[in-house]
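Given next are the chains, with one letter for each unit.
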Amino acid sequence: MLNIGNHISSSKGYLAMGKEIIGLGGNVFAFFTRNPRGGKAKVIDEKDVSDFLQYKAQNGIGRLVAHAPYTMNPCAAKPELREFAHDILVDDLHRLEYTPGNYYNLHPGSHVGQGVETAIELIADQLNRVLQPDQCTTVLLETMSGKGTEVGRSFDELAEIIKSVKLGDLVGVCLDTCHVYSAGYDVVNDLDGVLKEFDKVIGIDKLKAIHLNDSMTPFASNKDRHARLGEGSIGWAAIKGIINHKELKDLPFILETPNDRDGYIKEIAELKRLVMN
Ligand code: FE
Ligand code: FE
Ligand code: ZN
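1. Some points on the packing of aromatic side chains
For any pair of aromatic rings, geometry is given as the distance between the ring centres together with the angle between the planes.
Inference 1: Within this structure, the stated rule accounts for 8 aromatic pairs.
Inference 2: Each ring, one from F29 and one from F52, has its centre 6.1 Å from the other, and the planes form 75°; the classification is edge-to-face. On the criterion of sequence distance, the pair formed by F29 in the loop between α1 (14-24) and β2 (30-32) and F52 in helix α2 (residues 46-58) is long-range, its members being 23 residues apart.
Inference 3: Of the residues examined, F29 reaches a relative accessible area of 0% and is grouped as buried.
Inference 4: According to the relative accessible area criterion, F52 is buried, its value standing at 0%.
Inference 5: Between F32 and Y70 the ring centres are 5.7 Å apart and the planes differ by 80°, which places this aromatic pair in the edge-to-face class. With F32 in strand β2 and Y70 in the loop between β3 (65-67) and α3 (79-96), the pair connects residues that are 38 residues apart, well separated along the chain.
Inference 6: Relative accessible area serves as the criterion here: at 45%, Y70 is assigned to the partly exposed category.
Inference 7: Aromatic ring contacts, followed pair by pair, group Y14, F29, F31 and F52 into a single cluster.

2. Some thoughts on the coordination of the iron ion (ligand 1)
Inference 1: On the protein side, the iron ion (ligand 1) has H67 (NE2), H107 (NE2) and E142 (OE) as donor atoms, found 2.1 to 2.3 Å from it.
Inference 2: Positions of the donor residues of the iron ion (ligand 1), expressed as sequence spacing, correspond to H-x39-H-x34-E.
Inference 3: The distance between the iron ion (ligand 1) and the iron ion (ligand 2) is 3.2 Å, with E142 acting as a donor to both metals. Here H107 lies in the loop between β4 (103-106) and β5 (109-110) and H67 lies in strand β3, a separation of 40 residues in the sequence.

3. Section: the layout of surface pockets
Inference 1: Of the volumes computed, that of the largest pocket is approximately 330 Å³.
Inference 2: Surrounding the largest pocket, 20 residues form its lining, Y70, H107, M144, K147 and D224 being those nearest its centre.
Inference 3: Put simply, the parts of the chain that give the lining of the largest pocket at least two residues each are β5 and β7 (150-151).
Inference 4: Looking at the lining of the largest pocket residue by residue, the classes come out as 6 nonpolar, 9 polar and 5 charged.
Inference 5: Estimated volume of the second largest pocket: approximately 270 Å³.
Inference 6: Around the second largest pocket, the lining is made up of 19 residues, and of these S10, G13, Y14, K42 and R95 lie nearest the centre.
Inference 7: Elements that contribute at least two residues to the lining of the second largest pocket include exactly α1, β2, α2 and α3.
Inference 8: Tallying contributions element by element places α3 first for the lining of the second largest pocket, with 3 residues.
Inference 9: For the lining of the second largest pocket, the residue count by class is 8 nonpolar, 4 polar and 7 charged.

What counts and what doesn't
Residues numbered from 1 in each chain as written. Chains lettered and ligands numbered in written order. Predicted model: local features only at pLDDT ≥ 70, side-chain atom pairs only at ≥ 80, totals over all residues. Heavy atoms only, no water. Phe/Tyr/Trp six-rings, centres within 6.5 Å; stacked < 30°, edge-to-face > 60°. Helix = DSSP H or I, 4+ residues; strand = E, 2+ residues; numbered from the N terminus. Buried < 20%, exposed > 50% of the residue type's maximum accessible area, 1.4 Å probe, protein only. Donors = N, O, S within 2.8 Å, 3.2 Å for Na, K, Ca; no water. 1 Å grid on protein atoms, 1.4 Å probe; cavity = no way out; pocket = protein on both sides within 12 Å on 5 of 7 lines; lining within 4 Å. Points joined across faces, edges and corners; volume = space filled by probe spheres on them. Nonpolar A, V, L, I, M, F, W, Y, C, P; charged D, E, K, R; others polar.

Given below as structure tokens:
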């Protein structure tokens, strides 16, 4: 069975998110832990959380793929910006323990001229400061397109970060199909080769979630412009191959396509139709 969903607004709480994804025809979802531009998170409502956990179990909702605010830069050059990232990481990881066993996806960051090696050390330091041996949340580093000075544009960069994290078992990877294609991994013509490379460099067991997006820009463009499925340079044939690939088919697939509600309902339905058993 395909695990499919999209980003749901967290403004009305957990139970509302669960009901929304079931209404869209999905069974997994992503949400921003706070305003994507940062800022304060909502206070956790324990009644809402327990109602949600019950609803989640009853309706077969799979693992949540929470997303950190994308303006947070764990490897910023300015110490105060790194401290801001630290505070968000601590608070988000604390909040996610209310819904145990889920994922917390983050963009590794941008090295802003410090160089990728320095940035990798800074990111690993951040994770070493915040990860707790008894936590139930797995942190996922997202594969990035390589725009600007983004870190995580290659599997090697992600592997280096993970290797430097002491509690490395608590860290995995979320593969964004738009980003990797833009970064020069040819998931259209050589998906098997890309996944072999992933396995060799990071280990396929580290692959925990997929951001399923088409791309508005060509292969290896290092741009980050998501397209609706079938409307970009990746296309439906490759998307069908991705959702049915034996190494991927059981992972949570999260749509981050530019759609309204009806658009997501259609994409989710179409993806379910493309599942081969
Ligand atoms: Fe992302
Ligand atoms: Fe993404
Ligand atoms: Zn993106």
